[in-house]
Number of protein chains: 2
Amino acid sequence: MAAEQDPEGRAAARPLLTDLYQATMALGYWRAGRARDAAEFELFFRRCPFGGAFALAAGLRDCVRFLRAFRLRDADVQFLASVLPPDTDPAFFEHLRALDCSEVTVRALPEGSLAFPGVPLLQVSGPLLVVQLLETPLLCLVSYASLVATNAARLRLIAGPEKRLLEMGLRRAQGPDGGLTASTYSYLGGFDGSSNVLAGQLRGVPVAGTLAHSFVTSFSGSEVPPDPMLVPAAGEGPGVDLAAKAQVWLEHVCEPHPGERAAFVAYALAFPRAFQGLLDSYSVRRSGLPNFLAVALALGELGYRAVGVRLDSGDLLQQAQEIRKVFRAAAAQFQVPWLASVPIAVSNNIDEEALARLAQEGSEVNVIGIGTTAVTCPQQPSLGCVYKLVAVGGQPRMKLTEDPEKQTLPGSKAAFRLLGSDGSLLMDVLQLAEEPAPQAGQELRVWPPGAQEPCTVRPAQVEPLLRLCFQQGQLCEPLPSLAESRALVQLSLSQLSPEHRRLQSPAQYQVVLSERLQALVNSLHARASP
Amino acid sequence: MAAEQDPEGRAAARPLLTDLYQATMALGYWRAGRARDAAEFELFFRRCPFGGAFALAAGLRDCVRFLRAFRLRDADVQFLASVLPPDTDPAFFEHLRALDCSEVTVRALPEGSLAFPGVPLLQVSGPLLVVQLLETPLLCLVSYASLVATNAARLRLIAGPEKRLLEMGLRRAQGPDGGLTASTYSYLGGFDGSSNVLAGQLRGVPVAGTLAHSFVTSFSGSEVPPDPMLVPAAGEGPGVDLAAKAQVWLEHVCEPHPGERAAFVAYALAFPRAFQGLLDSYSVRRSGLPNFLAVALALGELGYRAVGVRLDSGDLLQQAQEIRKVFRAAAAQFQVPWLASVPIAVSNNIDEEALARLAQEGSEVNVIGIGTTAVTCPQQPSLGCVYKLVAVGGQPRMKLTEDPEKQTLPGSKAAFRLLGSDGSLLMDVLQLAEEPAPQAGQELRVWPPGAQEPCTVRPAQVEPLLRLCFQQGQLCEPLPSLAESRALVQLSLSQLSPEHRRLQSPAQYQVVLSERLQALVNSLHARASP
């Protein structure tokens, strides 16, 4: 599939796309004789973004692509040598030159599944030096993808299933790759498509686009197209001068800008089966709407149907209601019923609040383009994922800092999702890897975070959360396609109870610890604070 | 220089990294016989970011790299054919295949200069179809670079010239390229360096990094390094077991975590001349600080000087004051004067407000690492640059939308910066390209935005703002290096008066119109609203 033919997207995530301290620590591990110690890291977040109670796991595809290609080239090693101490043992650089991910194992939440605080999105195990070096690139690839997917899922929840949501924020992204990532993962999170052509080419995201104000304002009305004639939609009969035809229709409708009409005619000649008008280059009511109607009606005479209008300024909801009224009236007056339901697309700095207004009952808006909000996630522009050491040499490790928020959960772990008899999600359980899995129908004692006592739960179903996805340098099973992951998002969200799915002040979804994991936390605490 | 050897960074900004409507408009222009009409676009922003009164122009280097390489490959044209109407004239695709930027001319604000609302950062002229296609990639390359550079300049103004500011937000960026762009342009804006190794390799940004909590917590204290011996700094005399030596010193200082000490010893063995301690993996006061002192003093005995400590949690200012006191006391007690001034580095979600506190007088913090705030610019995560058609076929064009904020200034323009006799900036003037330049010492009548009457100004100096930088497919003069642009930033900021440089509620810097440009605006308005 297209995503696999992405040499340039992949090339950007190179081994040196990392924080320098990964390389200095690598030298430290190597000097201490610990480069090959077996280590395990977990990648997770501590708080759900945007004040919500869920996030979506995303970015795995990019991580796997990065891991498969991970190798330091000669130029990379030379650069590292130039920023490390000049008397560094050359054997260290030989060690770097030989590195790859053939001894790295990754378990992951499947792309598009629900993710909750503390539950690993990735478990990465392998030689200490290598898995340390992977930290920054993996964080970079997972955090933003998951943030954008979650943001898109929220916007989809607000818009409801019917509205067509298009991401169009490429120009607001953090450079080329930010744009590509945003387009890919807002589609995964529930958008219908993107304006970003590269995301279509490389990732198979459906693309959409029509015309900008520059196209409209580039016409004065005096231009003469080399071929102004358009043949009827059925392909039979003589061609017709579309501009002249639109002029005739215009007299039925009023006195608009001739350049705008010329632009619409030019666009309609290029796209007779996909004509859309951008209505607000001059005045929507006095110019854009009449010009659109004239061209759409002229096309209609030839058997073509216009496919939409777009508004990019002003009160979008209000204008959409007025335009729909005019469409209905014109459809009746000129006996062209399809005109009544021409889709109305809107854009212009739409955030969650504006989207809720546009999606309200009775709204005549059909398509919503979202740029800045989809790409920059201004409510919270980063997810804050972390990558923490949980075990080394088979021994659990824990960061016991004085800031309780920054403490970590020790040990190699397994994670399970417990479901009720109605299929709804009850809670996630973290436990030590060697513990037996919880059993459906059996009572389980677990520790909610910060609780003084355990509580019990009897799940009707138990789902293991982390799948083995990368081992010995290779993918263990084919990754689902982007479209399949996108479907998983909607399925996952449907299993979440309304109080957890709510976007404002939701109930927190619980992630609990098994009794043995809680005991391990307590014993490491006790050992550190005598 | 390094920036030119950036095949993979450049490859990401490909011609299809664009909004689909650029391609549909291209077909519309082509069908209307206007593909080769001479057109001019301006790239500018409407409001300064972050509530300030200035921005910095940045990203030109990436734009030039993109323009030079601009060409649609066969696979690109085939993809466009797959998303455009199936009956599109094949001659259009032949036209696309032959496109390049050999007829495109770009004038630009020099990299690192001050930019104000409405003043073009780029003027792009050439065949209508090509310069339309360039819109999205140019916006993508300029907007974020300028935003990050401006953000970094503000943080530098807050921190003052002495503090060392390091960008370390790669993991919070919008994917690989967001990280690379952030590292590059935060350096341009006034940071001292970055943690991002790739920015060092590809862009020559100074890189910095030491150790993370994972390094510290990976040690239990029972590990035996293969070679625990360290030779004295002078290179003479027998090697010494550094761990044992630190243990001796530790008895002078107290009872800390043995794993943390082992980690510090391991790091010091790898970096005897660049030893830094990360103090807060367990407890700063009870463990991190004594362990650091023990290892630093042991190293000191061998003639090495520790170079710093880092804190990543808790009250950073308060802890820095306490640590400095301990350093001074230990320096006196053990007669190692250099210990008193070991730099203290801090990090942990530092925003403008937190930075102001850390930079206050008397603060003992020396180095400040900034991640999320440098990369995501959470106060305003996008700059909102636009790219607007101003002339076509030699005729001025203007978007006259009902939203006055979205109106554009017509015509091919020149821009000048007027300076007072003390070298301070007075205002920027936009005028028609064919008008004579304002003369130093001569009175000039200009129109401030929205004014009812013109005002007069007599500049002591006049600087043309836009430089011809790209013509006939090539760079017109070598671009300054990143370091030179970085120096220009500080020079430019120093010319800005304090009331414009102020970060909160600054006085707005005026961008005025020449009388002829104002008259053109008025006449186009009058023509559109009869």
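Sequence order as written defines residue numbering, which begins from 1 separately in each chain. Here chains are named by letter from A upward and ligands by number from 1 upward, in the order in which they appear as written. At least 70 in pLDDT is required for a residue's local features to be given in this predicted model, at least 80 for side-chain atom pairs to be given and counted, and no such filter applies to totals for whole chains, interfaces and linings, which use all residues. Working from all heavy atoms in the structure, the side-chain values ignore hydrogens and water.

**Quick look at the overall build of chain A**
Now for step 1: Tallying secondary structure elements over chain A gives 19 helices and 23 strands in all.
Now for step 2: With respect to the principal axes defined by its C-alpha atoms, chain A has extents near 90 × 55 × 40 Å.
Now for step 3: Each residue gets one of three labels from its accessible area relative to the maximum for its type: buried under 20%, exposed over 50%, partly exposed in between, using a 1.4 Å probe on protein chains only. Per-residue burial over chain A gives 62% buried out of 530 residues.
Now for step 4: Long-range pairs, those at least 24 residues apart, make up 74% of the contacts in chain A between residues at least 6 apart in sequence. Secondary structure counts use DSSP, requiring at least four H or I residues in a row for a helix and at least two E residues in a row for a strand, with both numbered from the N terminus. In what follows, residue pairs with any heavy atoms lying within 4.5 Å of each other are defined as contacts.

**Quick notes on the relation of the copies chain A and chain B**
Now for step 1: Aligned on chain B, chain A shows an RMSD of 0.0 Å; the corresponding rotation is 180° and the shift along the axis is 0.0 Å. Here the two chains are linked by the operation of a two-fold rotation axis. If distances are taken from each C-alpha of chain A to the rotation axis, the shortest is found for A:Asp177, at 2.5 Å.
Now for step 2: The fraction of interface residues of chain A whose copies in chain B are also interface residues reaches 100%, indicating that both copies meet through the same surface. Residues reaching a pLDDT of at least 70 in both copies supply the C-alpha atoms on which the copies are superposed by least squares.

**Describing the pairing of strand β6 (residues 164-167) of chain B**
Residues and elements named next belong to chain B.
Now for step 1: Pairing between strands is defined by DSSP: at least two bridges between the two strands are required. Summarising the sheet, β6 and strand β13 (residues 367-370) pair through four bridges and their orientation is parallel. From the neighbouring strand, Leu-166 faces β13, where its bridge partner is Gly-369.
Now for step 2: Taking the sense of rotation as the criterion, the β-α-β connection linking β6, helix α8 (residues 175-189) and strand β7 (residues 193-194) turns out right-handed. Classification remark: right-handed applies to a crossover when, strands pointing away from the viewer, the course from the first strand over the helix to the second runs clockwise.

**Examining the interface of chain A and chain B**
Now for step 1: Between chain A and chain B, the contact holds 110 residues from the first and 110 residues from the second.
Now for step 2: Here the quantity called buried area is the accessible surface, traced with a 1.4 Å probe, that two parts lose on coming together, added over both. For the chain A and chain B pair, buried surface summed over both sides reaches about 9,400 Å², with 58% attributable to carbon and sulfur atoms.
Now for step 3: Among the residues of chain A in contact with chain B, A:Arg31, A:Arg171 and A:Gln174 are the three that bury the most area, contributing 10% of the side total.
Now for step 4: We count a salt bridge whenever a side-chain nitrogen from Lys or Arg sits within 4 Å of a carboxyl oxygen from Asp or Glu. On inspection of chain A and its partner chain B, the count reaches 10 salt bridges.
Now for step 5: Between A:Arg171 and B:Asp19 there is a salt bridge; the shortest N-O distance is 2.9 Å.
Now for step 6: In terms of residue count, helix α2 (residues 20-31) of chain A provides more of the side of chain A that touches chain B than any other element does, nine residues in total.
Now for step 7: We call Asp, Glu, Lys and Arg charged. Ala, Val, Leu, Ile, Met, Phe, Trp, Tyr, Cys and Pro are nonpolar, and the rest, Gly among them, are polar. Across the side of chain A that touches chain B, the residue classes tally to 55 nonpolar, 31 polar and 24 charged.

**What to know about the confidence of the model for chain A**
Residues and elements named next belong to chain A.
Now for step 1: The quantity known as pLDDT measures the predictor's confidence residue by residue, on a range of 0 to 100. For chain A, mean pLDDT is 91; residues scoring 70 or higher make up 97% of the total.
Now for step 2: Every residue in residues 1-12 is under pLDDT 50, and counting partners more than four places away or in other chains gives 25 contacts.
Now for step 3: The ipTM value of the predicted complex is 0.87, and its pTM value is 0.89.

**Description of the environment of A:Gln276**
Now for step 1: Within the secondary structure, A:Gln276 is located in strand β10 (residues 276-278).
Now for step 2: Leaving out residues up to four positions away in the same chain, A:Gln276 has contacts with A:Thr210, A:Leu211, A:Tyr267, A:Val307, A:Gly308 and A:Val309.

**Some words on the domain arrangement of chain A**
Where the parts come together, the accessible area they lose is often given as the size of the interface.
Now for step 1: Examined at the domain level, chain A breaks down into domain 1 (20-152 + 380-528) and domain 2 (209-370).
Now for step 2: Inter-centroid distance (C-alpha atoms) of domain 1 of chain A to domain 2 of chain A is 50 Å. Each domain span listed reflects an automatic or database assignment of domains.

**Considering the nonpolar core**
Now for step 1: Think of a nonpolar core as a cluster: buried Ala, Val, Leu, Ile, Met, Phe, Trp, Tyr and Cys residues, connected wherever their side-chain atoms sit within 4.5 Å. Formed by 352 residues in total, the largest nonpolar core has its most connected members in A:Leu134, A:Phe292, B:Leu134 and B:Phe292.
Now for step 2: For B:Phe292, the contacting residues outside a window of four places in its chain are B:Phe264, B:Phe275, B:Gln276, B:Gly277, B:Leu279, B:Ala306, B:Gly308, B:Val309, B:Phe327, B:Leu339 and B:Val342.

**Topic: the side chain of A:Asn151**
Now for step 1: Among the structural elements, A:Asn151 can be located in helix α7 (residues 135-159).
Now for step 2: In contact with A:Asn151, not counting residues within four places along its chain, are A:Phe50, A:Glu352, A:Thr373, A:Ala374 and A:Cys377.

**Brief notes about the UniProt feature "domain: Nicotinate phosphoribosyltransferase N-terminal" (unreviewed entry) in chain A**
Now for step 1: UniProt positions are given in the numbering used here, feature names are shortened, and annotations may be inferred rather than shown by experiment. According to UniProt, the feature "domain: Nicotinate phosphoribosyltransferase N-terminal" (unreviewed entry) maps to residues 16-143 of chain A in the numbering used here.
Now for step 2: A distance of 18 Å separates the end C-alpha atoms of residues 16-143 of chain A, which is 43% helix and 16% strand.

**Considerations on the packing of helix α11 (residues 242-253) of chain A against helix α13 (residues 284-301) of chain A**
A pair of packed helices is characterised by two quantities: the angle between their axes and the separation of those axes.
Residue and element names in this part refer to chain A.
Now for step 1: All axes are obtained by fitting lines to C-alpha atoms, using only the stretch in contact for helices, and the reported angles, taken between N-to-C directions, cover 0 to 180 degrees. With their axes 8 Å apart at the nearest point, α11 and α13 run at an angle of 125° to one another. Regarding the angle of α11 to α13, the classification is oblique. The way α11 lies across α13 gives a crossing that is right-handed. Contacts between α11 and α13 pair Leu-242, Lys-245, Ala-246, Trp-249, Leu-250 and Val-253 from the former with Pro-290, Asn-291, Leu-293, Ala-294, Val-295, Leu-297, Ala-298, Leu-299 and Glu-301 from the latter.
Now for step 2: Residues belonging to the contact of α11 with α13 are distributed by class as follows: 12 nonpolar, one polar and two charged. An angle below 35 degrees is treated as roughly parallel, one above 145 as roughly antiparallel, one from 65 to 115 as roughly perpendicular, and anything else as oblique. Each helix crossing is assigned a hand: it is left-handed if the near helix lies turned anticlockwise from the far helix by less than a right angle, otherwise right-handed if that turn is clockwise.

**Side note on helix α3 (residues 60-69) of chain A**
Note on helix geometry: an α-helix contains 3.6 residues per turn, so any two residues three or four positions apart are oriented the same way.
Now for step 1: The buried count for α3(A) comes to eight of 10 residues, which makes it a mostly enclosed element.
Now for step 2: Listing the buried residues of α3(A) in full gives A:Leu60, A:Arg61, A:Asp62, A:Cys63, A:Val64, A:Arg65, A:Phe66 and A:Leu67.

**Description of the packing of aromatic side chains**
Now for step 1: Aromatic contacts are taken between Phe, Tyr and Trp rings whose centres are within 6.5 Å, Trp giving its six-membered ring; a plane angle under 30 degrees counts as stacked, one over 60 as edge-to-face, and the others as tilted. On inspection of all chains with the given rule, the structure shows 26 aromatic pairs over all chains.
Now for step 2: With centroids separated by 5.2 Å and ring planes inclined at 85°, the aromatic side chains of B:Trp249 and B:Phe334 adopt a geometry described as edge-to-face. Note that B:Trp249 is positioned in helix α11 (residues 242-253) and B:Phe334 in the loop between α14 (316-333) and β12 (344-346), a separation of 85 residues in sequence.
Now for step 3: Given the relative accessible area of 16%, B:Phe334 is considered buried.
Now for step 4: Pairwise contacts between aromatic rings join A:Tyr29, B:Phe215, B:Phe219, B:Tyr267 and B:Phe271 into one cluster.
Now for step 5: A cation sits over an aromatic face here: A:Arg34 above B:Phe219, 4.3 Å from the ring centre. Counting as a charge over the ring demands two things of the Lys NZ or Arg CZ atom: a distance within 6 Å of the ring centre and an angle within 35 degrees of the ring normal.

**Overview of the environment of A:Cys140**
All names here are of chain A.
Now for step 1: Positionally, Cys-140 belongs in helix α7.
Now for step 2: For Cys-140, a relative accessible area of 1% corresponds to the buried category.
Now for step 3: Distance in space between the C-alpha atoms of Cys-140 and Thr-18 is 9.0 Å, their sequence separation being 122 residues.

**Some remarks on the pairing of strand β13 (residues 367-370) of chain A**
Residue and element names in this part refer to chain A.
Now for step 1: Residues Val-367 and Gly-369 of β13 are buried on one face, and the alternating residues Ile-368 and Ile-370, pointing to the opposite face, are buried as well.
Now for step 2: Here two bridges tie strand β12 (residues 344-346) to β13, and the two strands are oriented parallel to one another. From the neighbouring strand, Val-346 faces β13, where its bridge partner is Ile-368.
Now for step 3: Traced from β12 through helix α15 (residues 352-358) to β13, the parallel crossover comes out right-handed.

**Describing the pattern of salt bridges**
Now for step 1: A complete count under the given rule lists 56 salt bridges over all chains for this structure.
Now for step 2: Between A:Glu223 and B:Arg397 there is a salt bridge, with the nearest N and O atoms lying 3.9 Å from each other. Of this pair, A:Glu223 sits in the loop between α10 (213-217) and β8 (229-230) while B:Arg397 sits in the loop between β15 (395-396) and β16 (413-419), which puts the two residues in different chains.
Now for step 3: Residue class for A:Glu223 comes out partly exposed when judged on its relative accessible area of 22%.
Now for step 4: Among the ionic contacts, a cluster of salt bridges with common partners joins A:Arg34, A:Asp37, A:Arg397 and B:Glu223.

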